[in-house]
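Geometric and topological summary
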Amino acid sequence: MSGNELGALEQEEEAILRQLRMYFRSVLNDLIRDKKFKDFREMPSIEEIPDYYEIVSKRDAECLANMLGKLNNGVYDSTEKFLAGIEQIRINAYEYNSD
């Protein structure tokens, strides 16, 4: 593969990643605006939910605002990584709310 071909391929990949990040940003913004997901917008505060971090480790804690920050910092460069963040929110909610 020539240098020009490699450069063109890299530009195409970056364009695809840019579109993917735009889509992820749109999804996160929709979830943040949706009242059904208000509990997942921000990290739970210790004042509001004192035992949350006793049940869910701070290392595993996740929220939509954090995900948006990670997206802006280039952490989510694949669908798998993005969905893993969404899944972590679900796991944490299940873990905290299960008896």
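Everything that follows concerns the structure shown earlier in this document.
The structure reproduced in this document is the subject of the present report. Just so it is clear, the model here is predicted, and its values are computed rather than measured.

Let's shift gears to the packing of helix H1 (residues 3-33) against helix H4 (residues 79-97). Two numbers describe how H1 lies on H4: the axes approach to 11 Å, and their chain directions differ by 15°. Our classification of the angle between H1 and H4 gives roughly parallel. In the crossing of H1 with H4, the sense of the turn from one axis to the other is right-handed. Residues Leu20, Phe24, Val27, Leu28 and Leu31 of H1 lie in contact with H4, whose contacting residues are Thr79, Phe82 and Ile86. In the contact of H1 with H4, the residues fall into seven nonpolar, one polar and no charged.

For the rest of this paragraph, the subject is the layout of surface pockets. Each pocket or cavity is described by its volume, and for the largest pocket that value is around 320 Å³. Taken together, 17 residues form the lining of the largest pocket, with Asp39, Phe40, Pro44, Ile49 and Tyr52 sitting closest to its centre. Ranked by residues supplied to the lining of the largest pocket, first place goes to H4 with five residues. Each residue belonging to the lining of the largest pocket can be placed in one class, and the counts come to nine nonpolar, three polar and five charged.

Formed by Phe24, Leu28, Leu31, Leu64, Met67, Leu68, Leu71, Tyr76, Phe82 and Ile89, the largest nonpolar core amounts to ten residues. Every element with two or more residues in this core is listed here: H1, helix H3 (64-72) and H4. In contact with Leu28, other than residues within four places in its own chain, are Leu64, Met67, Leu68, Leu71, Phe82 and Ile86.

Cut-offs and rules
- Residues numbered from 1 in each chain as written.
- Predicted model: local features only at pLDDT ≥ 70, side-chain atom pairs only at ≥ 80, totals over all residues.
- Heavy atoms only, no water.
- Axes fitted to C-alpha atoms, helices over the stretch in contact; angles between N-to-C directions.
- Helix = DSSP H or I, 4+ residues; strand = E, 2+ residues; numbered from the N terminus.
- Parallel < 35°, antiparallel > 145°, perpendicular 65-115°, else oblique.
- Left-handed = near helix turned anticlockwise from the far one by under 90°.
- Contact = heavy atoms within 4.5 Å.
- Nonpolar A, V, L, I, M, F, W, Y, C, P; charged D, E, K, R; others polar.
- 1 Å grid on protein atoms, 1.4 Å probe; cavity = no way out; pocket = protein on both sides within 12 Å on 5 of 7 lines; lining within 4 Å.
- Points joined across faces, edges and corners; volume = space filled by probe spheres on them.
- Core = buried A, V, L, I, M, F, W, Y, C linked by side-chain atoms within 4.5 Å.
- Buried < 20%, exposed > 50% of the residue type's maximum accessible area, 1.4 Å probe, protein only.

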